[in-house]
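Single-letter residue listing:
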Amino acid sequence: MQKPIGITSKLLFQLPILISVLGVFYEKNSGTGSDTPPLSASFFQQSLPPVSGFNSFSDTTLLPSSFGFGRPATQAEIDKLDIDVRPDGKGLPTGSGISSRGKLIFDAKCVACHGAGGIGGPNGSLVTTTADAKEKRPEKTIGNYWPYATTVFDYIRRAMPFNAPGSLTNEEVYHLTAYLLNANKLIDEKTVIDAKSLPKVVMPAQKLFIPDDRKGGPEVK
Ligand code: HEC
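Residues numbered from 1 in each chain as written. Predicted model: local features only at pLDDT ≥ 70, side-chain atom pairs only at ≥ 80, totals over all residues.

Participant: Tell me about the overall build of the protein chain, residues and numbers included.
Facilitator: The helix and strand tally for the protein chain stands at ten helices and two strands. Scored against the burial criterion, the 221 residues of the protein chain give a buried share of 20%. For the protein chain, the proportion of contacts with a sequence separation of at least 24, taken over those separated by at least 6, is 57%. (Helix = DSSP H or I, 4+ residues; strand = E, 2+ residues; numbered from the N terminus. Buried ≥ 20, exposed ≤ 12 C-beta atoms within 10 Å, placed from the backbone. Contact = placed C-beta atoms within 7 Å.)

Quick look at the structure:
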């Protein structure tokens, strides 16, 4: 085995290049029947002088456990970001909503972009109409394309209104969710939407989606 000779401090700056060149050398020589022994990690450690405190770029044990920046996040800060809602309803907060209250909020905060009753509007319909049912390629909306009702709550809470995301209270989001589900004829106007009832609303589009239950391995392409 040839050792790299005469490593100067200038050469050390070229260490990453050197390592990749040696890596290729290793690749070429291992397992090919050649009698050159493979290069090991200890080869790098033994042959190189220490570089400002640590002598191997792959060895992180010598790094300090903390760099002294920042502070642990508070529970309140984590809760503010940890707002995802799952199809089974996990993550839904307390509170409840009904369609009639949702209509008032919708008319004040959503109608400009999504049209009266959630139909039309510059940023797209949220409600499937009977005319849509006759179309070959109808506009995709909550009623004909969303597989889970809980996503309506999750999406509105995190992203809407577009010009002020995060500004709605959980109660307002429940009312709006009830309104949009009712407008899509998926619940009646009396249904109270909350953490228990929302996951039970079965969306027409659920059957259009196939859960990806592959475990990994060669079948995953
Ligand atoms: C300033 C315009 C604006 C306002 C106001 C607004 N939205 Fe939106 N909305 C958008 C835009 C733009 C999108 C598409 C965003 C994207 O695709 O990333 C969208 C998408 C949506 C979607 C997803 C539609 C789909 O099928 O993909 C829902 C649901 C929704 N908005 C609900 C609401 C509700 C409820 C309100 C009122 C609280 C609201 N929006 C207010 C602009 C707006």
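Participant: Account for the site of the ligand, naming residues and giving values.
Facilitator: The environment of the ligand is made up of 18 residues, and the closest members are Cys-110, Cys-113, Met-160, Pro-161 and Phe-162. Mapped onto the shell around the ligand, the elements with two or more residues apiece are helix 6 (111–114) and helix 9 (150–159). Among the elements that line the shell around the ligand, the one with the most residues is helix 6, at three residues. (Near = placed C-beta within 6 Å.)

Participant: Please provide a residue-by-residue account of the packing of helix 9 against helix 10 (residues 170–183), values included.
Facilitator: At a minimum axis separation of 9 Å, helix 9 and helix 10 run at an interaxial angle of 130 degrees. Between helix 9 and helix 10, the interaxial angle falls into the category oblique. Two packed elements cross with a definite hand, and for helix 9 against helix 10 that hand is right-handed. Residue-level contacts link Val-152, Phe-153, Ile-156 and Arg-157 of helix 9 to Val-173, Leu-176, Thr-177, Leu-180 and Leu-181 of helix 10. (Axes fitted to C-alpha atoms, helices over the stretch in contact; angles between N-to-C directions. Parallel < 35°, antiparallel > 145°, perpendicular 65-115°, else oblique. Left-handed = near helix turned anticlockwise from the far one by under 90°.)

Participant: Describe the environment of Leu-81, and please don't skip the residues or the numbers.
Facilitator: Assignment of secondary structure puts Leu-81 in helix 4 (residues 75–81). You can call Leu-81 exposed: it has 9 C-beta atoms within 10 Å. In this structure, the C-alpha to C-alpha distance between Leu-81 and Arg-158, residues 77 residues apart in sequence, is 9.4 Å.

Participant: Summarise unusual backbone geometry; cite the residues concerned and give the values.
Facilitator: With an omega of -10 degrees, the peptide bond between Met-160 and Pro-161 qualifies as cis. On the secondary structure map, Pro-161 appears in the loop between helix 9 and helix 10. One non-glycine residue with positive phi stands out, namely Lys-185, at about 60 degrees. Position of Lys-185 relative to the elements: it lies in the loop between helix 10 and strand 2 (193–194). With 13 C-beta atoms counted inside 10 Å, the residue Lys-185 sits in the partly exposed group.

Participant: Account for the packing of helix 5 (residues 99–109) against helix 10, naming residues and giving values.
Facilitator: In contact at an axis separation of 7 Å, helix 5 and helix 10 are set at 100 degrees when each is read in the N-to-C sense. Taken together, the axes of helix 5 and helix 10 are roughly perpendicular relative to one another. Contact with helix 5, carried on its side by Ser-99, Arg-101, Gly-102, Lys-103, Ile-105 and Phe-106, involves Glu-172, His-175, Leu-176, Ala-178, Tyr-179 and Asn-182 of helix 10 and no other residues of that element. The residue makeup of the contact of helix 5 with helix 10, split by class, is five nonpolar, four polar and three charged. (Nonpolar A, V, L, I, M, F, W, Y, C, P; charged D, E, K, R; others polar.)

Participant: Run through the nonpolar core, naming residues and quoting values.
Facilitator: Counting residues in each nonpolar core, the largest one holds 27 residues, and the members touching the most others are Val-152, Phe-153, Leu-176, Leu-180 and Leu-181. Contributions of two or more residues to this core are made by helix 5, helix 9 and helix 10. Counting residues per element, this core draws most heavily on helix 10, which supplies eight residues. Not counting residues within four places of it along the chain, the set of residues in contact with Leu-181 comprises Ala-149, Val-152, Leu-186, Ile-187, Ile-193 and Val-201. (Core = buried A, V, L, I, M, F, W, Y, C linked by C-beta atoms within 7 Å.)

Participant: So what about helix 5? Which residues, and what values?
Facilitator: Taken as a whole, helix 5 has its buried residues at Ser-99, Gly-102, Lys-103, Ile-105 and Phe-106. The secondary structure elements touched by the buried residues of helix 5 are strand 1 (96–97), helix 6 and helix 10.

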